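Structural features, examined
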Amino acid sequence: MERFSTVFLIAGVAFFGVSVFVMAWMPFVHMRDIPYQPLEQVSQEMIPEFAQLAEMFPDAFKRYYPAGVTPVSYAKALRLGRDIYVAEACWHCHSQYVRPVSNESIRFGPVSVAAEYANALEFPQLFGTRRVGPDLIREHGKHTNDWHVAHFWNPPDIAPTSVMPRYPWFYEAAPTEAEPDRYVLNERGIAIITFVQWLGSWLEEYPATLYNLNAAGAR
Amino acid sequence: MSSQTATRPLVDEGLVKAMIIASMAWFLISLMGGFFFSLQFLQAYPFPKTELLSPGRVRLIHTNLIAYGFLVNGLLAGLTWAIPRLTGRPLLFNRFSWLLFWVWQAIVLLTFTGLLAGHAQALEWGETPTGFRPGAFNLTDMTWAPVDILVVIGFLLVSINYYTPIILSKSKAMYVSLWYFSAGFVWTALTYVMGNFFPEYFLPGASGAAVTGLFIHDLVGLFVTPMGWGLMYYFVPLILKKPIWSHGLSLIGFWALAFFYPLNGVHHFLWSPIPMYAQYGAVISTIAVEVVVTTVVVNFFATIVGSGQFLRDNLPIRWFYTAMIFYFTTCLQCAVQVTLTVQKIIHFTDWVVGHSHLIMFGVFGFWILGVMVHLWPKLTGNEWYNPRLNHWHFWLTAVGMFIMFWDLIIAGLIQGYEWQALAPWEQSLISSTPFWLVRTISGTMIIVGQFIFAYNMWMTARGARSRLYVTAPQAA
């Protein structure tokens, strides 16, 4: 037990192998029959918010997404949106799974299941381990595009206590004094909002949660 | 063995020194990253409109430089010092060790620039940019920087370098430290390959999450922990000038840790869509680890019985044992927080942030700092410039860490209960603000402590002596 070969082979290799077998291989085998959706498949069904972004920013949209409101442009925006979500480490402050505990299904929506993550945009998955801001896996439609456009510019403008950073590099131009409400998104801005609006868009119907209860004045 | 040691010294002290300097330098940068990120929580971030210093990216700098800059360099400094002494043989490579050292610093630098340029991977603790990502969006093209592959090649060479003296050592039974080191190198290589390539290229969704959980945990449990404990088994008996209390407990501690620690990973994603049997298994193994840890901690505290004066008189020993108390605290905490009941409240909150700071810095960081305090005068050949500054360093760091831990634990409980009570999200932010302020203040204490230490190291290396300490004539 004190020889190099024993330590190296049993503790080092074999015990590690056991852990990978039990903790990685078995879950993998368990879940491998879940059909995997490549990006081409995910992008077939477009969310209405994407078409609305094209209407809101016609010039910018045409410039960056010349294919128009098509699955090709949608796939491009989703891919880029996910990459930005990763690059800006959004997933370190926003988780992407609803747990069956702590009243989370009331706050956010239906509890997450494994099949929701078997696609190109959750590869690697973005479960996250911390919630400074709320969970985003049921984000689809909770806020309007307008809300996101103003929010990414400066979150405390919308939610005064927010500690979310600002992202002025998602915009072509800053709102001016003359036109304080004129935000123009750039390629990245359109992409990140498309990606965030996509999260949870696969649900059959829009779930009743704390958010729409609050909106109805039931807080 | 004399022919070999005659041609070159057993330990390349210059290399140990360089590793300590690199470790400290990355550490200070990382701390500034953590400090700036904490200001974002107070709505006081100093560079809100600078893309390259976006808070999310700076957070990645904080964690990745701690892991790959501070901890790796610091632990390797200890290993470079200890392994040749334990085996009686120098490392395999001589000049090539220096090349490996510089390649490693280049890797950390590429990680630093890659993360700030927006080229992170979506793998926690493994955000190190990977090149050759098909279809990836590059803010600045960094496909020429395949950091992950460089790390694997570099680490294999490092392993060969440090394994050689262990394998060539004449004695058949290895000392405890060498068990930990021998297992640690192969674990780290396997862990890195598993965690950085499988979820990235082969395992989407929840199956990838299971592997990512293993990676997050194994990086701490199978790299930092064995190297850290190995160094403790080396330095503690050496400084106390007596053997470890029980060899039997050392054996139990090592083998049980080796078995249970790798099985913990999935506990980072409890109540997630990962199959429940994996989650139950991870919970039980995590509680088992606590039992194991108790045997190791008992062994070390039984060793110091009768030598308590070292805690007062010997700063490295004080660092080591303070960290061991923190180690026992975090592991005990872990056995509690890992249960599915407690997870309901504390997961996703600052509780976890407090836990990870205590284990990564309060334990392993403290051990590395203790090793630095111990080795720096030997490496420079000079007495400490001002020993009193080292005491300031210890107390600012230890008290800062203690405050930060409890502050974040309490903040986490408040956040968790408010979320469960369906309070508006804004309420959890309002409740957290005072705790985030205390976090920044306690973090500032830690940072000031490290700058004091760096200053003391710098002056010591220059051979200076504080006026306070040169009044008595030096013995020849």
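These numbers were taken from a predicted model, which means no experiment stands behind them. (Residues numbered from 1 in each chain as written. Chains lettered and ligands numbered in written order. Predicted model: local features only at pLDDT ≥ 70, side-chain atom pairs only at ≥ 80, totals over all residues.)

1. Details of the overall build of chain A
Looking only at helices and strands, one finds ten helices and two strands in chain A. Tracing chain A from N to C terminus, the helices and strands come up as α-α-α-α-α-α-α-α-β-β-α-α. Taking all 219 residues of chain A together, 47% fall into the buried category. A sequence separation of at least 24 residues applies to 72% of the contacts in chain A between residues at least 6 apart. (Helix = DSSP H or I, 4+ residues; strand = E, 2+ residues; numbered from the N terminus. Buried ≥ 20, exposed ≤ 12 C-beta atoms within 10 Å, placed from the backbone. Contact = placed C-beta atoms within 7 Å.)

2. Some thoughts on the overall build of chain B
A tally of helices and strands in chain B yields 15 helices and zero strands. What you see for chain B is a C-alpha radius of gyration of 22 Å, in line with the 23 Å of a compact globule of 476 residues. Each principal axis of the C-alpha atoms in chain B carries an extent, and together these give about 70 × 50 × 50 Å. Across the 476 residues that make up chain B, the buried fraction comes to 53%. (Rg over C-alpha atoms; globule rule 2.2 N^0.38 Å.)

3. What about the domain arrangement of chain A?
Often the size quoted for an interface is simply the accessible area lost on bringing the parts together. You can read the domains of chain A as domain 1 (1-33) and domain 2 (41-215). Between the C-alpha centres of domain 1 of chain A and domain 2 of chain A there is a distance of 39 Å. (Domains from an automatic or database assignment.)

4. Regarding the packing of helix H1 (residues 4-31) of chain A against helix H9 (residues 276-304) of chain B
Between H1(A) and H9(B), whose axes approach to 10 Å, the crossing angle comes to 170°. With respect to their mutual orientation, H1(A) and H9(B) come out roughly antiparallel. Where H1(A) approaches H9(B), its residues A:Val22, A:Met23, A:Met26 and A:Pro27 are matched on the opposing element by B:Ala278, B:Gly281 and B:Ala282. (Axes fitted to C-alpha atoms, helices over the stretch in contact; angles between N-to-C directions. Parallel < 35°, antiparallel > 145°, perpendicular 65-115°, else oblique.)

5. Side note on H1(A)
Taking 1.5 Å of rise per residue, 28 residues should cover 40 Å, and H1(A) covers 38 Å from first to last C-alpha, within 8% of that figure. Helix geometry: H1(A) is bent most strongly at A:Phe21, by close to 35°. Buried within H1(A) are the following residues: A:Val7, A:Ala11, A:Gly12, A:Phe15, A:Phe16, A:Ser19, A:Val20, A:Met23, A:Ala24, A:Pro27 and A:Met31. Taken together, the buried residues of H1(A) touch helix H6 (176-202), helix H7 (205-240), helix H8 (247-260) and H9 of chain B. (Expected span 1.5 Å × (residues − 1). Bend = angle between axes of the 7 residues up to and from the residue.)

6. Concerning helix H7 (residues 145-153) of chain A
Those residues of H7(A) not exposed but buried are A:Asn145, A:His148, A:Val149, A:His151 and A:Phe152. For H7(A), the secondary structure elements touched by its buried residues are helix H3 (48-56), helix H8 (155-158), strand S2 (184-185) and helix H9 (187-198) of chain A.

7. Topic: the confidence of the model for chain B
All names here are of chain B. For chain B, per-residue confidence averages 92 on the pLDDT scale, and residues scoring 70 or more make up 94% of the total. Per-element confidence in chain B is highest for helix H2 (residues 13-40), whose mean pLDDT is 98, and lowest for helix H1 (residues 2-7), whose mean pLDDT is 52. Confidence over residues 1-5 falls short of pLDDT 50; this stretch has six contacts with residues more than four positions distant or in other chains. Across residues 132-140, confidence stays below pLDDT 50; counting only partners more than four residues off in sequence or on other chains, it has 13 contacts. Reported for the predicted complex are a pTM of 0.94 and an ipTM of 0.93. (pLDDT = per-residue confidence, 0-100.)

8. Re unusual backbone geometry
The peptide bond linking A:Phe123 to A:Pro124 adopts the cis configuration, its omega dihedral lying at -5°. Within the secondary structure, A:Pro124 sits in the loop between helix H6 (104-107) and H7. Despite not being glycine, B:Trp125 has its phi angle at roughly 65°, a positive value.

9. Some details on the packing of H2(B) against helix H15 (residues 425-461) of chain B
Any two packed helices are characterised by how steeply their axes cross, that is the angle between the axes, and by the distance between the axes. All names here are of chain B. The interhelical angle for the contact between H2 and H15, taken along N-to-C directions, is 160°, at an axis separation of 10 Å. Considered as vectors, H2 and H15 are oriented roughly antiparallel to each other. Considering how the two elements wind past one another, H2 and H15 form a crossing that is left-handed. Contact residues: H2 offers Met24, Phe27, Leu28, Leu31, Gly34, Phe35, Ser38 and Leu39, while H15 offers Trp436, Arg439, Thr440, Gly443, Thr444, Ile447, Gln450, Ala454 and Met457. Grouping the constituent residues of the contact of H2 with H15 by class yields ten nonpolar, six polar and one charged. (Left-handed = near helix turned anticlockwise from the far one by under 90°. Nonpolar A, V, L, I, M, F, W, Y, C, P; charged D, E, K, R; others polar.)

10. Remarks on the confidence of the model for chain A
Per-chain confidence: chain A averages 93 in pLDDT, with 97% of residues scoring 70 or above. Per-element averaging of pLDDT across chain A places helix H10 (residues 210-215) of chain A at the bottom with 71 and H9(A) at the top with 97.

11. Thoughts on the nonpolar core
If you look at the biggest cluster of nonpolar residues, it comprises 197 residues, and the most contacted ones within it are B:Ala210, B:Phe320 and B:Trp367. No other element matches H7(B), which puts 20 residues into this core. Here this core spans two domains, and each of domain 1 (1-33) and domain 2 (41-215) of chain A adds at least three residues to it. If near-sequence neighbours (up to four positions away) are discounted, B:Ala210 is found in contact with A:Met23, A:Ala24, A:Pro27, B:Val266, B:Ile274 and B:Ala278. (Core = buried A, V, L, I, M, F, W, Y, C linked by C-beta atoms within 7 Å.)

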